[in-house]
Every structure is written in structure tokens, then in C-alpha cells.
Amino acid sequence: MKFLKLAGLSFFVSLSFAGIANAQSAAKPVSFPANLKWSPMTLVGFNTGNMEMPHASRAEISLARSIWDKEIESTGPGIKPNTKSPSFILLKAFSAGNEQFVFSIFDSGFSNGCIPPANGRGIEDMYSICPMRVTQMNTTQSASQDFPEYCHLYPEPAEKPGEINQSQIAFDANTMTAYFRTIQYGKHVAACDRTLRIQ
């Protein structure tokens, strides 16, 4: 799959438990509405060994596992015998009516469909480009669909005060639209701006 560096990306999604279909995308610069309430996506790690991880609740860990279990179990071998490579999942859940919508991004050193950040002198960007999965859930059923070219930024501690590193999301339940942005070294990365509308 070829990934393009886009200034912005908008998706219109049709979700239903009978099947998810007719997702159309259009590349264009993203203009965010004013007064959005941005929240950092939670990082959940699996097979991370002694790596220090940010806090994630048991509910978030269970949710990440339920959505990405196949991918978590399909990573390559870890450094130590009988271990798997670590997996890092960014996620955030929102409720709308009687349903829950979970937005999550999976990354691993061996994950399919991800483009890792470049490596070398003068390279500053730290984020990978990975598919984002939208999961619609109620008390009895769930359905998911993946969308390409979302920025997955590991929330590295800031080297200087204010230089936060986060993948952030805002959700407008009135328009059923999710907005995504990345803050790297405390600065907004416009190339990572995305919107996704659920219809």
C-alpha cells in the first residue's frame, strides 16, 4: 500500500452492524472548528517488558486487547526468548446514544501497514503513519473499519518545559465527527490533521 504525505485528510464513514461499507475519503487541508475540546489519546502497551509506560486503566487495557488481539498476538519475537515484540495502541472512546465509538491506532515494530519515522541525522519527526480503527459497540455487538494514514506518536516525555508530545482527539457528538491532531515538541503538526465523520 502506498502512503501519501497529505496536508489533511477527511473521511466520511458509514457504520452499521450489518456491515461497514461505502467509506469515502477526500484529501484536503483540514480546518478545525473553534472551541474543540482536545484530549490526548491513551497509550496502552502490550509485551513491553520493563519499559515504563504511561498510566492506562484496566478498562482501557481490556478495550485495546478486545479490538487488537489478533495483531497483538501476531507481532514478531521479542528480544528475550519466548516473548513477543511490544505493541503500542493509542485509543479513545466516546459514547453517543446507546453506542460507544472507539478510535484506536496500533503500532509495533513488525506491524503491517505502518510507516515508521525516518531515522538519521537531522530527522526530527517521531511519529509513525498507521491505520486507525473505528469500532462501533453496543451491549451485544461490535463492528470495525480501518482507515489509513493516521499519525501515531508515542508520548515521549518533554525534553523542555511545554514541549509535549501527544496524539490528540476531539469528538463532536452533534455532528458525529472526530478530529485528530498531533502535537510534537509542543508544536502542532499540520500534516497529521484528520477528520472523520460517522454517518
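The preceding data block contains the structure.
Residues numbered from 1 in each chain as written. Predicted model: local features only at pLDDT ≥ 70, side-chain atom pairs only at ≥ 80, totals over all residues. Heavy atoms only, no water.

Student: Requested: an account of the overall build of the protein, with residues and values cited.
Tutor: Scanning the protein from N- to C-terminus turns up one helix and 11 strands. The order of α-helices and β-strands along the protein, N terminus first, is β-β-β-β-α-β-β-β-β-β-β-β. A buried classification covers 41% of the 199 residues belonging to the protein. Working note: accessible area of the protein is about 11,400 Å², and carbon and sulfur atoms make up 50% of it. (Helix = DSSP H or I, 4+ residues; strand = E, 2+ residues; numbered from the N terminus. Buried < 20%, exposed > 50% of the residue type's maximum accessible area, 1.4 Å probe, protein only. Areas by Shrake-Rupley, 256 points an atom, 1.4 Å probe, with all protein chains shown as cover.)

Student: A description of the pattern of salt bridges should follow, citing residues and the corresponding values.
Tutor: According to the stated counting rule, one finds four salt bridges in the structure shown. E73 serves as the salt-bridge partner of R65, at 2.8 Å between the closest nitrogen and oxygen. When salt bridges with common partners are traced through the structure, they connect R65, D69 and E73 into a single cluster. (Salt bridge = Lys/Arg side-chain N within 4 Å of Asp/Glu carboxyl O.)

Student: Go over the packing of aromatic side chains, please, and point to the residues and values.
Tutor: Any pair of aromatic rings gets described here by the distance separating the centres and the angle formed by the planes. Applying the stated rule across the entire model yields nine aromatic pairs. For the ring pair F94 and F103, a centre distance of 6.2 Å and an interplane angle of 65° mean the geometry is edge-to-face. For F94, a relative accessible area of 18% puts it in the buried group. An aromatic cluster is built from F94, F103, Y150, F171 and F180, whose rings are joined through pairwise contacts. The ring of Y150 is capped by R194, whose NZ or CZ atom sits 5.8 Å from the centre of that ring. (Phe/Tyr/Trp six-rings, centres within 6.5 Å; stacked < 30°, edge-to-face > 60°. Lys NZ or Arg CZ within 6 Å of the ring centre and 35° of its normal.)

Student: Lay out the nonpolar core with the relevant residues and their values.
Tutor: Counting residues in each nonpolar core, the largest one holds 22 residues, and the members touching the most others are F103, M132, F180 and L196. The greatest single-element share of this core, amounting to four residues, is contributed by strand 5 (residues 87-96). Within the second largest apolar cluster, 13 residues are counted, among which are F46, A56, I67 and I89. (Core = buried A, V, L, I, M, F, W, Y, C linked by side-chain atoms within 4.5 Å.)

Student: Now, about the pairing of strand 10 (residues 177-184): what can you tell me, with residues and values included?
Tutor: Among the eight residues of strand 10, seven are classified as buried, and the element is accordingly described as predominantly covered. Of the pairings in the sheet, the one linking strand 9 (residues 166-172) to strand 10 comprises seven bridges and is antiparallel in character. Bridge pairing in strand 10 places Q168 opposite R181. Joining the antiparallel neighbours strand 9 and strand 10 is a turn of four residues, in which M176 adopts a positive phi near 55°. (Pairing = 2+ DSSP bridges.)

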